[in-house]
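Remarks on the overall topology
Single-letter residue listing:
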Amino acid sequence: MTTLTSEWRFPGLLLAILLVIPITLLSGDTTLELIDLWQLLIGNINSTSPIDYLVLTELRLPRLLAALLVGAALGTAGCLLQRLTANPLASPGLLSLNQGASLGLVCLLISPLPFTPLYSFSAAFAGASIAMILVFGVVRLATGGLAADSLLLFGALLSALFGALTTLVLILDQHALDAIRFWLAGSLSMVEPEQIPLLAGLVFSGLVLAVIQCRPLLLLETGKDTARGLGADPRLVLLSVGATILLLTAVSVAVSGPILFIGLVVPHLSRLWLGNQIHRQLAGSALLGALLLTLADLLVYHFDTDDRLPPGVALAVIGVPWFLWLVRKRYINQ
Amino acid sequence: MVREILLAVMLLAAFHPILSKAESGSETRACQAIEHALGSSCVSQNPLRVAVLDTGELDMVLALGINPIASTTPYQVGQFPQYLPTEHIQIQSLGVVQEPDLEQLMRLKPDLILGSQFRHGRLYTLLSSIAPTVFSESVGASWADNLRLFARALDKDTEAENLLNEIDRQCQTIRHLYDSKGQPSLSIVRSMQTHIRLYLPGSFIGELMNRCGLLRPTAQSGKGFARRLRSPQQIDLLEGDIILLSEYSPKQGSLVQRWRHSGFWQRLRGQVYEIDDSYWMLGIGPLAAKQVLDDLEQIINDY
């Protein structure tokens, strides 16, 4: 991949995603062949055995779509946040979104409400949203302004608080811990087929919003005064980009749990490979995020069809050393 | 840390006249040696203050007509299993099964502690310094032997045999009914939050089915305690003419609820009967067995 010239890297990335899709669908212990996929695609349902058909339509396909959507959303959100704060260490996890979502889920578990996919999605989404609104509110109250740096600082601070509360409940209630054990590790095993349309709708709106915000973000990067001079209200930009990040991250975290690696590292990878230009970095982050999460899920599924290994952990274990190696190579070249 | 505190408390107890009186008191009474999994303990005849370390032992002593003074509760439930008649008895909770509160136990001055090597083998020395301790080797499938062992320690051998005979009689009635229905296979499924368990003959419930001569599906007749499933891809392993389904925590997410509204569930041909988790799964002992068999008679009758 690194040997490709930069014009070919985008098509290369797309091609890789297109290749990964059938591989993911056919992996694991089924008797499915490529020809069966083709038969299903042209509407010939009877060509596969009923159990394989179920595995494909109710397990593999929703999971694949969720991996693509969540990966793209988290990559984009990370990219937006790093551009917004001009801080390469920023990740949506730092805005207390993940911890807020966890706390939301835990509140649902100790409440009398049932723990169904729809409720858990709503609870995690609401938790993440409330957490982020709290961060913005606290920053406004404490500093009188809305600087991007303070957002990260206070976000991390509130994260610690939410994390402590979540841990407290989980320690006291083993039931609650068991219910969200896999989710907490960043896993797609709680994805339900009926969540996919909602997830897709929200992620696509988030992606569209992200593209719209490229120009205001660019203006903001020239400095607040220049931005104002060019007709962009810095605070408005901050709020709308913040809302987009919230939408993309909250939706992903609600489905898959916190997968920190993508939000943090994918924007860097995208910049290293595709350049610093905002549209390129953003598109690259979305594609790379989708590809990496799908690959990670494929990997854990290949090694453990019983679905106990969380892809979030696999991504971190393989991704972090790989990223370190990439960065080091870059420095040596310089 | 906990261990050090315990050690300190024990040392204190050894020298403290009031606390050590309990031991010297029991020594003066006549005692009988009971052979058990970790050796032999001298148990006073007709022990009055019995402490139990697991729900299985709790079920057994209650069935033998003894009200224990203290017991642990199942790990995640935090209370005594609902099926046991514990409301009107004063039983001190010793905390969860995995970490019995030994200081509390010592304060209660029991004259007999019942437990198993499987659960609390590593605590045996500490426990027997508090009171004579009788341990079964394992839990679950060996419940009938365990009942006889504990009955011997409690001097209730006749009661134990009566209980087991009663269960055998119940079994015979069910077996008769079962044969008349063409011996349908019984699949036993327990839904946990993160996985589904199929109970094998090495479990309490599996042993009880064997004892009554009831047949299990081939996927559930191997060795061991239970088989764990995570993916509905393996749904066919649940198949049986009668599928007995128990949910560990129906409110806080139970995996089978998700399986049930997936297309995979339609593959099952057997009749699904929902069963009570508290005595079918949490319970181990004659009281649980009796209620399980009552349910089973009804289910096979309905089938």
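Here's what I pulled together on the structure shown here. (Residues numbered from 1 in each chain as written. Chains lettered and ligands numbered in written order. Predicted model: local features only at pLDDT ≥ 70, side-chain atom pairs only at ≥ 80, totals over all residues. Heavy atoms only, no water.)

A word on the overall build of chain A
- In terms of regular secondary structure, chain A is built from 14 helices and zero strands.
- Listed by position from the N terminus, the elements making up chain A come as α-α-α-α-α-α-α-α-α-α-α-α-α-α.
- The C-alpha radius of gyration computed for chain A amounts to 20 Å, which stays within 12% of the reference 20 Å derived for 334 residues, consistent with globular compactness.
- A principal-axis box enclosing the C-alpha atoms of chain A has dimensions of 65 × 55 × 35 Å.
- Going through the 334 residues of chain A one by one, you find that 55% of them count as buried.
- Counted over contacts in chain A with a minimum sequence separation of 6, partners at least 24 positions apart contribute 74%.
- By element, 71% of the accessible surface of chain A is carried by carbon and sulfur atoms, the whole surface being about 15,000 Å².
- The centroid of the 16 positive side-chain charges in chain A is displaced by 18 Å from the centroid of its 18 negative side-chain charges. (Helix = DSSP H or I, 4+ residues; strand = E, 2+ residues; numbered from the N terminus. Rg over C-alpha atoms; globule rule 2.2 N^0.38 Å. Buried < 20%, exposed > 50% of the residue type's maximum accessible area, 1.4 Å probe, protein only. Contact = heavy atoms within 4.5 Å. Areas by Shrake-Rupley, 256 points an atom, 1.4 Å probe, with all protein chains shown as cover. Lys, Arg positive; Asp, Glu negative; His and termini not counted. Charge placed at Lys NZ, Arg CZ, Asp CG, Glu CD.)

Observations concerning the pattern of salt bridges
Residues and elements named next belong to chain B.
- This model, assessed by the stated rule, comprises 16 salt bridges over all chains.
- For Arg211, the salt bridge identified is with Asp168, shortest N-O distance 3.9 Å. Of this pair, Arg211 sits in helix 9 (residues 204–211) while Asp168 sits in helix 8 (residues 157–180), and the two are 43 residues apart along the sequence.
- The class for Arg211 is partly exposed, based on a relative accessible area of 28%.
- Its salt-bridge partner being Arg260, residue Glu274 comes within 2.8 Å of it at the nearest N-O pair. (Salt bridge = Lys/Arg side-chain N within 4 Å of Asp/Glu carboxyl O.)

Describing the packing of aromatic side chains
All names here are of chain A.
- One pass over the structure, following the stated rule, counts six aromatic pairs over all chains.
- Seen from their ring centres, Phe121 and Phe125 are 6.2 Å apart, and the 15° between their planes marks the pair as stacked. Of the two residues, Phe121 and Phe125 are both situated in helix 5 (residues 117–143); the distance of four residues between them amounts to about one turn of the helix.
- Since its relative accessible area comes to 6%, Phe121 is described here as buried. (Phe/Tyr/Trp six-rings, centres within 6.5 Å; stacked < 30°, edge-to-face > 60°.)

Looking at unusual backbone geometry
- Even without being glycine, Ala86 of chain A reaches a positive phi, approximately 50°.
- Structurally, Ala86 of chain A is set in the loop between helix 3 (50–85) and helix 4 (97–110).
- The exposed category is assigned to Ala86 of chain A, whose relative accessible area is 67%.
- One non-glycine residue, Lys109 of chain B, lies in the positive phi region at around 45°.

Comments concerning the interface of chain A and chain B
- In this assembly, 35 residues from chain A lie in contact with 22 residues from chain B.
- A per-residue breakdown of the area chain A buries against chain B is headed by Ile51, His175 and Asp306 of chain A, which together make up 26% of the total.
- At the junction of chain A and chain B, the tally comes to one salt bridge.
- A salt bridge links Glu192 of chain A to Arg258 of chain B; its shortest N-O distance comes to 2.5 Å.
- Across the contact surface, chain A and chain B share seven residue pairs in polar contact (both at pLDDT 80 or more).
- A breakdown of the residues in the side of chain A that touches chain B according to their chemical character gives 18 nonpolar, six polar and 11 charged. (Buried area = accessible area lost by both parts, 1.4 Å probe. Polar contact = N/O pair within 3.5 Å; in protein donor to acceptor, adjacent residues only side chain to side chain. Nonpolar A, V, L, I, M, F, W, Y, C, P; charged D, E, K, R; others polar.)

A closer look at a nonpolar patch on the surface
Residues and elements named next belong to chain A.
- Together, Leu299, Phe303, Leu309, Val313, Val317 and Ile318 make up a nonpolar patch on the protein surface, roughly 570 Å² of accessible area in all.
- Elements that contribute at least two residues to the nonpolar patch include exactly helix 13 (278–303) and helix 14 (311–333).
- Counting residues per element, the nonpolar patch draws most heavily on helix 14, at three residues.
- Along the chain, Ile318 turns up in helix 14.
- Residue Ile318 is classed as partly exposed on the basis of its relative accessible area, which comes to 48%. (Patch = residues over 30% accessible without salt bridge, like charges linked within 9 Å, V, L, I, M, F, W, Y side chains within 5 Å.)

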